[in-house]
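# Examination of the molecular architecture
What follows is each chain in one-letter form.
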Amino acid sequence: MKEKININTWIRKDHFKFFSAFDEPFFGVTVAVDCTATYEEAKEHNISFFLLYLHKSLVAVNQVEPFRYRIIDGEVWKYDSVNAAATINRPNGTFGFGYMDFYRDFEDFSTAANKEIEKVQASTGLIPSSSGENVIHYSALPWLNFTSLSHARNYAFQDSCPKISFGKVRDENGRKIMSVSIHVNHALMDGYNVAQFVNAYQELLNKKEVNEYI
């Protein structure tokens, strides 16, 4: 479900109109998060570390309202929840696009996500997702410890979906640290909102019990 925002009475009316006129309205930051507890949690429960940190990021973005805003035909809509449109790596070095519904329960999310991963890995080509607007575009680069990142963009397509990318997990002073790149449309949110997501995500990463962090 989604709800249309009245732009004329919206507190971000001027910001929306200003940044909507840009050829490139997206801005991005790269931050380092401590994923030690979540990494240990995945090992202790014999579950996918990737799916666990991905799920926690979905919980966090759904907590921050601007991450659920989308621009559709020049209007701003707020979705009740957003899902994941993620790149799925294959053993042959290629990747495909997969669609993963957001479930607040990790086990439900993991079950559905694993089916999607198996489907993509057993196929060829990109398999463009027909996921619609209510998604976060996710990608993982587990081979690279990056400090910044840019995205391929089709400027003719009016995109407003946030893009979150995860880097290689590295050891620093006995902790597991991971780079996270976040790109968002400035017409819909500001740095303050990105910080809200990062803080919410770090708080969830610090909790170890599956489904206890919801």
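Residues numbered from 1 in each chain as written. Predicted model: local features only at pLDDT ≥ 70, side-chain atom pairs only at ≥ 80, totals over all residues. Heavy atoms only, no water.

## Some remarks on the UniProt feature "active site" (unreviewed entry) in the protein chain
Following the UniProt record, one finds the feature "active site" (unreviewed entry) at His 186. Considering the arrangement of structural elements, one finds His 186 in the loop between strand S9 (175–185) and helix H5 (191–205). When sequence neighbours within four positions are dropped, the list of residues in contact with His 186 reads Arg 12, Phe 19, Pro 25 and Phe 27. (UniProt positions renumbered as here; feature names shortened; annotations may be inferred. Helix = DSSP H or I, 4+ residues; strand = E, 2+ residues; numbered from the N terminus. Contact = heavy atoms within 4.5 Å.)

## Observations regarding the environment of Ser 20
In this structure, Ser 20 sits in helix H1 (residues 13–20). Spatially, the C-alpha atoms of Ser 20 and Val 180 are 25 Å apart, while their sequence positions differ by 160 residues.

## Quick look at the pattern of salt bridges
Under the criterion given, the structure shown has 14 salt bridges. As a salt-bridge pair, Glu 3 and Lys 78 come within 3.8 Å of each other at their nearest N and O atoms. Taken together, the positions of Glu 3 in strand S1 (residues 2–4) and Lys 78 in strand S4 (residues 75–79) put the pair 75 residues apart, joining distant regions of the chain. For Glu 3, a relative accessible area of 46% corresponds to the partly exposed category. A salt bridge links Glu 24 to Arg 153; its shortest N-O distance comes to 3.0 Å. Here Arg 153 lies in the loop between strand S7 (135–140) and strand S8 (163–172) and Glu 24 lies in the loop between H1 and strand S2 (26–34), a separation of 129 residues in the sequence. (Salt bridge = Lys/Arg side-chain N within 4 Å of Asp/Glu carboxyl O. Buried < 20%, exposed > 50% of the residue type's maximum accessible area, 1.4 Å probe, protein only.)

## Section: the pairing of strand S5 (residues 83–89)
Burial of S5 is extensive: six of the seven residues sit out of reach of the surface. Pairing analysis gives four bridges linking S5 to S7, with the strands arranged parallel. Bridge pairing in S7 links Asn 83 to Val 135. Where S5 lies against strand S6 (residues 95–100), six bridges are found, and the strand directions are antiparallel. Each bridged residue has a counterpart across the sheet, and for Thr 87 the counterpart in S6 is Phe 97. Between S5 and the antiparallel strand that follows it, S6, lie five residues; Gly 93 among them carries a positive phi value of about 95°. (Pairing = 2+ DSSP bridges.)

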